[in-house]
Amino acid sequence: MSGGFEAIRPPGRLQGLRTWWTMLKISLEERLVYRGDFVLGTLMRFLPIVTQVFLWTAVFSATNRGDIAGYSRNDIVAYYLLTMLTRAFSSMPGLATSIARSVRDGSVKKFLIQPVDYVSFLLAARVAHKLVYYAVAVVPFGAVFLLCRGYFPPPPPDATTIAAFLLSLALSFLLGFFMEATLGMLGFWFMEVSSIVFGYMLVQYLLSGHMFPIDLLAGVPTGLAGVSLADVVHWLPFEYTAYFSAAVWLGKVQGTQLAWSLGIEAAWVVVMAVACRVAWRRGTRRYSAFGG
Amino acid sequence: MNRYLAILLTFARACLVRDMTFRANFLLECVTSLGWMSMNLAFYLLVFTYTAEIGKGTGWSKEPFFAFVATGLIINSIVQAFFMPSAEELTEMVRTGGLDAVLVQPLDAQFLVSMHRIDFSSFANGAVGVGLLAWAVSRMDHAPPPVAWALYPLLIVCGVAILYGLVIMLAAATILMGRNQSLYDFWFYLTNFSRYPAEIYSGPWGGPLRMICTFVIPILLVVNVPARVIAQPFTGESWGGVAAAVIAAAASLVVSRIVFQRALARYRSASS
Amino acid sequence: MHNTDPNAAAAVADPVIEVEGLAKEYRVFDKPEGLAASVRALFHRTSRAVEAVKGVDLVVGRGEFVALLGPNGAGKTTLLKLLSGIITPTRGTARVLGHVPWERADDFRRRFALVMGQRNQLWWDLPAAESFRLHQEIYRIDPARFEKTRNALVDMLDVRRLILQPVRELSLGERMKLELVAALLHEPEVLFLDEPTIGLDVVAQHTIHEFLRDVQRRRRMTVVLTTHYMKDVAALCERVVVITRGDVLYDGSLAEIVDRFTTHKIVTLDFDEAPERALIERFGFPCEFRGPQVVLRIDRSRIADVLPEVLAAAGIRDVSVEDVPLEEIVAELFRSDTRAHAAAEAGS
């Protein structure tokens, strides 16, 4: 990928686009070289779901209720599968650590010298990376979803829901990107961000709904009268990177609530984008002041 | 044998010195692994607010289930502390040729490859596991008989041995292929199956899966057998599980040893 | 084009390393470039065999100091790896100290050492003393003897104060010295050195030369060394084995290689002031003018006839006659082999 960095010249739109295209092609080639690893790796990522499904099946068999927090057993299976899909959009493997590394080893310098915007560059690279990922991952994903289509509730969602679902996916990509990028920019202030990243991953895993549907937290009190933990989580950015899109598809969020939630998600995207930009400005100023 | 113990102690001492040199990092590692663990415990607590049992009539109600989780914590912390850091480093050693230095030393290569690095921070989880086990067992309806207490440590060792065999086979694959990123993911996903009681794997898909994970890759015996012995009523049938775990542990050690030796014979060494 | 004396094996009195027809073949997969090729490679991967070492014969006697020379990728390091048992050969036999190396018997591994200049074998975050202690355990060195050997080696290299410092804080040269100490603690009978002086400054190189020469003589150790620095060779080795493309091209003494492969002598003339070019050029040898100094390359066969005539030129202040530098000879040797190979390829 370092070749991609070098290739960026003072941009004209066309030049920028061409660079991006080259980047896309290189990362596709990279993927194809390791395609065996890749397909296997993607399929393996579904394995934890298998255990989760069995765990929930066992839980349902032992309780007499037909649903838990509004989810039937099939809903739960469908939920976990959908979070895999949303994670494919919102997760940014290695983004934060690579930004922090480029700060630490000084390779970020060239973005201070060249007339290229670092954040835009990273975003373009990530889009290319994701596109390539989808191009190859569509095979294992398609196979799993086809095999498991029986778990999805029978009437397919209406057009509005599908539109909201797609919108939430796109927003989750941006949200995931700006959150991780901001995290990586902390490298300007801290030498070692890996533990911060790990802490973030923990919180993210728990509160994004990756581990279980956030609705399960509706019964957990926060101490404030009438406010459950789930209510608090709805106002945090995390659930929009996994739980939310899945809940939209399953029809758990509808009407004004859906509009509200999309609004919160969009607001978080803006907040994180600004935070990322500010962190970059301040960070680079600090960096040049201290001489890296 | 004495010499190997002495060398292991030297490794342990060196790793401890190193950990203490980078104290802050060491503490962070403890904290993060404890954080990860407590998150999982919180999830199980949440699940038990919706059900009294994992699987109908399986006997895995709250306290026995937490005894199960504690057993898993203990076994995994041993594996994580002694074998995983070395095995993970193996990729780097194969890539840079560091394995060459291992091979010229008059010492069993498998020993060096799997035990030269000890991660003391992993014992934090094990300590919590022991505490959790004591808590869970004291609150169970039935107290484990002495024979269960006697068998428990042995079965923990068997569980560790089964996982160790798997680590060594992954190491062998690393030596043959030169890289192994998805192999270690595979390790993570595979051991994932051992995290829950075997009873949950039932039905047309679960049954065969349970068979495979018991007899082909005996991953389900790792935690289940010791956990059953301590957390479920001890009956004559329990001996079957004990025998299976002992046999699986022995087989795992032998097979992995053979595979590893074969891999070493085909080692290519990185060009310099 | 083997220059190996067929009687060489018999001539070696106490053979420590005996190699016959040793060959190592690697299978490499072609990594296609370009998108279309990558897609094609999805369905069909092409591989081919590469022979890193092909049929090497070599005998080294006890106490010899042998240099393995060759261009990058010639198979020197592969040969060292075969001899130290790291990799298993495709064909051929080898015995080192009476053992088949790749059987990796403990008894064998206790009696030799391998040092690789590009790789760090000491514990990175800890003082070298800890690594030495580990060596003592691994090689089962008697404690009293260990102390004695370690102290002697450490003093010879003057690194006593370094062994208590974490290795990562040391310079490359200091690290290399400690690597050598570690490798020699168990008093190996055979030492394999893979580019031990790579990246070191002149002073460190010199110290290491002195040290190696000293230890080798004292212990009558057998040493095989690969290097790209002719200084190493000139300082240490009487015997040189040149390897190109996995094959032994030359095996003999260092003096002989100079004798056999040099066609010229380098004659340097110092004048009082810059001489007239025509005066020198009339001899018809390639020459180079550097102000008052002139460097001539004169055919060895004609040097006796020509030199008096050259010296008769007016105004000469000083003169020196030297062999072509070793680097140049070896480079020429590698090149001529490549040319011969290319010609053979074209002819076949």
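The shown structure was predicted, so the numbers you read here are calculated from the model rather than taken from an experiment.

Conventions adopted
Residue indices follow the written sequence of each chain, beginning from 1 at its first position. Chains and ligands are labelled by the order in which they are written, letters from A for the one and numbers from 1 for the other. Reporting of local features is limited, given that this is a predicted model, to residues whose pLDDT is at least 70; pairs of side-chain atoms are given and counted only at 80 or more, and all residues count toward the totals for whole chains, interfaces and linings. Calculated side-chain values reflect all of the structure's heavy atoms, with hydrogen atoms and water omitted. Only runs of H or I of at least four residues qualify as helices and only runs of E of at least two qualify as strands under DSSP, and these elements are numbered from the N terminus. When we talk radius of gyration, it's over C-alpha atoms, and the globule rule is simply 2.2 Å times the number of residues to the 0.38. For every residue, the accessible area (1.4 Å probe, protein chains only) is compared with the maximum for its type, and the residue is labelled buried under 20%, exposed over 50%, or partly exposed between those bounds. In this analysis, two residues are considered to be in contact whenever any of their non-hydrogen atoms come within 4.5 Å of each other. Here, a strand pair is defined by DSSP locating no fewer than two bridges between the strands. The handedness of a crossover follows from its direction of travel: if, with the strands pointing away from the viewer, the path from the first strand over the helix to the second runs clockwise, the crossover is right-handed. The start and end points of each domain follow an automatic or database-based domain assignment. When two parts are put together, the accessible area they lose, computed with a 1.4 Å probe and summed over both, is reported as buried area. Think of a salt bridge as a Lys or Arg side-chain nitrogen and an Asp or Glu carboxyl oxygen that are within 4 Å of each other. What qualifies as a polar contact is a pair of N or O atoms within 3.5 Å, subject to a donor-acceptor requirement within protein and to the restriction that residues adjacent in sequence count only when both atoms come from side chains. What goes into a patch is any residue over 30% in relative accessible area without a salt bridge, connected to like charges within 9 Å or, for nonpolar side chains (Val, Leu, Ile, Met, Phe, Trp, Tyr), within 5 Å. Only the protein chains shown count as cover for residues, and all accessible areas are computed by the Shrake-Rupley method using a 1.4 Å probe. Comment: axis = line fitted to C-alpha atoms, over the contacting stretch for helices; angle = value between 0 and 180 degrees taken between N-to-C directions. Working rule for angles: under 35 degrees goes down as roughly parallel, over 145 as roughly antiparallel, 65 to 115 as roughly perpendicular, anything else as oblique. Gly falls in the polar group here, along with every residue not listed as nonpolar (Ala, Val, Leu, Ile, Met, Phe, Trp, Tyr, Cys, Pro) or charged (Asp, Glu, Lys, Arg). As used in this record, nonpolar core signifies buried Ala, Val, Leu, Ile, Met, Phe, Trp, Tyr and Cys residues forming a set joined through side-chain atoms within 4.5 Å.

## Observations regarding the overall build of chain A
For step 1, the next point in the chain: Helix and strand counts for chain A come out as 13 helices and 0 strands.
For step 2, the next point in the chain: Reading chain A from its N terminus to its C terminus gives the helix and strand order α-α-α-α-α-α-α-α-α-α-α-α-α.
For step 3, the next point in the chain: The globule rule puts the C-alpha radius of gyration for 292 residues at 19 Å, and the 21 Å found for chain A is close to it.
For step 4, the next point in the chain: Its C-alpha atoms put chain A at 65 × 45 × 35 Å along the principal axes.
For step 5, the next point in the chain: The buried share of chain A, taken over its 292 residues, is 47%.
For step 6, the next point in the chain: Residue pairs at least 24 apart in sequence account for 80% of intrachain contacts in chain A once pairs closer than 6 positions are excluded.

## Notes on the pairing of strand β7 (residues 222–226) of chain C
Residues and elements named next belong to chain C.
For step 1, the next point in the chain: Burial analysis of β7 places 5 of its 5 residues in the buried class, which makes it a mostly covered element.
For step 2, the next point in the chain: Residue alternation in β7 divides its side chains into two sets, Thr222, Val224 and Thr226 and Val223 and Leu225, and both sets are buried.
For step 3, the next point in the chain: Of the strand pairs in this sheet, strand β3 (residues 65–69) and β7 are connected by 4 bridges, and their pairing is parallel. Counted as the bridge partner of Phe65 is Val223 from β7.
For step 4, the next point in the chain: Where strand β6 (residues 190–194) and β7 come together, 5 bridges link them in parallel fashion. Within β7, the position partnered with Val190 by the bridge is Thr222.
For step 5, the next point in the chain: Read as a crossover between parallel neighbours, the route from β6 over helix α8 (residues 202–219) to β7 is right-handed.

## Some details on the domain arrangement of chain C
For step 1, the next point in the chain: For chain C, the assigned domains read domain 1 (8–259) and domain 2 (263–323).
For step 2, the next point in the chain: Centre-to-centre separation of domain 1 of chain C and domain 2 of chain C, based on C-alpha positions: 43 Å.

## Regarding the interface of chain B and chain A
For step 1, the next point in the chain: The interface of chain B with chain A comprises 30 residues on the first partner and 32 residues on the second.
For step 2, the next point in the chain: Summed over both sides, the interface between chain B and chain A buries roughly 3000 Å², with carbon and sulfur atoms accounting for 75% of that surface.
For step 3, the next point in the chain: When the buried area of chain B at its contact with chain A is split by residue, Phe43, Tyr50 and Tyr189 of chain B rank highest and sum to 24% of it.
For step 4, the next point in the chain: At the junction of chain B with chain A, the criterion picks out 0 salt bridges.
For step 5, the next point in the chain: Joining chain B to chain A, the criterion identifies 5 residue pairs in polar contact (both at pLDDT 80 or more).
For step 6, the next point in the chain: When residues of the side of chain B that touches chain A are assigned to their parent elements, the largest contribution, 9 residues, is made by helix α2 (residues 23–48) of chain B.

## A short note on the interface of chain B and chain C
For step 1, the next point in the chain: Between chain B and chain C, the contact holds 30 residues from the first and 31 residues from the second.
For step 2, the next point in the chain: Between chain B and chain C, the buried area comes to about 2700 Å², and carbon and sulfur atoms account for 55% of it.
For step 3, the next point in the chain: Of all residues in chain B, Val104, Pro106 and Arg268 of chain B bury the most surface against chain C, accounting for 24% of the area lost on that side.
For step 4, the next point in the chain: Counting every contact that joins chain B to chain C gives 3 salt bridges.

## A word on a nonpolar patch on the surface
Residues and elements named next belong to chain B.
For step 1, the next point in the chain: Taken together, the side chains of Met211, Ile212, Phe215 and Val216 define a hydrophobic patch exposed on the protein surface, amounting to about 450 Å² of accessible area.
For step 2, the next point in the chain: Relative to the helices and strands, Phe215 resides in helix α10 (residues 203–216).
For step 3, the next point in the chain: Since its relative accessible area comes to 64%, Phe215 is described here as exposed.

## Observations concerning the side chain of Thr149 of chain C
Residues and elements named next belong to chain C.
For step 1, the next point in the chain: Relative to the helices and strands, Thr149 resides in helix α6 (residues 143–156).
For step 2, the next point in the chain: Residue Thr149 is classed as buried on the basis of its relative accessible area of 9%.
For step 3, the next point in the chain: Every residue in contact with Thr149, bar those within four places of it in the chain, is listed here: Leu184, Leu185, Glu187 and Arg219.

## Focus: the packing of helix α5 (residues 73–90) of chain A against helix α9 (residues 159–185) of chain A
All names here are of chain A.
For step 1, the next point in the chain: It is the contact of α5 with α9, at a shortest axis distance of 7 Å, that shows an interaxial angle of 45°. Considering the angle they form, α5 stands oblique to α9. Taken together, the residues of α9 that come into contact with α5 (itself represented by Leu82, Leu85, Thr86, Phe89 and Ser90) are Phe165, Leu169, Ser172, Phe173 and Gly176.
For step 2, the next point in the chain: In the contact of α5 with α9, the residues fall into 6 nonpolar, 4 polar and no charged.

## Let's talk about the sheet that holds strand β12 (residues 293–299) of chain C
Pairing between the strands of a sheet is mediated by backbone hydrogen bonds and can be parallel or antiparallel.
All names here are of chain C.
For step 1, the next point in the chain: Pairing in this open sheet of 4 strands is antiparallel, and the strands run β11-β12-β10-β13 from one edge to the other. The open sheet has two edge strands with one neighbour each: β11 (287–290) and β13 (316–323). Geometrically, the sheet is characterised by an average inter-axis angle of 20° between neighbouring strands, direction not taken into account.

## Digging into the nonpolar core
For step 1, the next point in the chain: Counting residues in hydrophobic clusters, the biggest one holds 283 residues, and the most contacted among them are Trp56 of chain A, Ile54 and Leu99 of chain B together with Ile17, Phe132 and Phe192 of chain C.
For step 2, the next point in the chain: Examining the composition of this core, we find that 18 residues originate from one element, helix α8 (residues 146–177) of chain B, more than from any other.
For step 3, the next point in the chain: Excluding residues within four positions of it along the chain, Ile54 of chain B makes contact with Leu55, Ala58 and Val59 of chain A together with Val47, Phe48, Trp60, Phe65 and Ile200 of chain B.
For step 4, the next point in the chain: Judged by nonpolar contacts, the second largest core, of 14 residues, contains Val267, Phe271, Val294 and Val310 of chain C.

## Some details on helix α5 (residues 128–138) of chain C
For step 1, the next point in the chain: Extensive coverage of α5 of chain C is indicated by the burial of 9 of its 11 residues.
For step 2, the next point in the chain: Every buried residue belonging to α5 of chain C is among Ala128, Ala129, Glu130, Ser131, Phe132, Leu134, His135, Gln136 and Ile138 of chain C, and all of these are buried.
For step 3, the next point in the chain: Buried residues along α5 of chain C sit in contact with α1 (2–21) of chain B together with α6 and α7 (172–184) of chain C.
For step 4, the next point in the chain: Of the residues trailing α5 of chain C, Arg140 of chain C is marked for its positive phi of about 50°.

## Quick notes on the environment of Val248 of chain A
Residues and elements named next belong to chain A.
For step 1, the next point in the chain: If you trace the backbone, Val248 turns up in helix α12 (residues 243–249).
For step 2, the next point in the chain: C-alpha of Val248 to C-alpha of Leu186: the two residues are 62 residues apart in sequence and 33 Å apart in space.
For step 3, the next point in the chain: Those residues in contact with Val248 that lie beyond four places of it in its chain are Thr161, Ala164, Phe165, Val253 and Leu258.

## Looking at the sheet that holds strand β2 (residues 47–61) of chain C
All names here are of chain C.
For step 1, the next point in the chain: Taken in spatial order, the 3 strands line up as β2-β1-β4 in an open sheet, and their pairing is antiparallel. On the outer flanks of this sheet lie β2 and β4 (91–96), each paired with one strand and no other. Between one strand axis and the next, the sheet turns by 25° as a mean value, whatever way the strands run.
For step 2, the next point in the chain: Sheet topology note: the strand β1 (residues 15–29)/β4 ladder contains 5 bridges and is antiparallel.

## What about the environment of Ile200 of chain B?
For step 1, the next point in the chain: Assignment of secondary structure puts Ile200 of chain B in the loop between α9 (181–192) and α10.
For step 2, the next point in the chain: Expressed as a C-alpha distance, the spacing of Ile200 of chain B and Thr58 of chain B, which sit 142 residues apart in the sequence, is 8.7 Å.
For step 3, the next point in the chain: If near-sequence neighbours (up to four positions away) are discounted, Ile200 of chain B is found in contact with Thr51, Phe54, Leu55 and Ala58 of chain A together with Ile54 of chain B.

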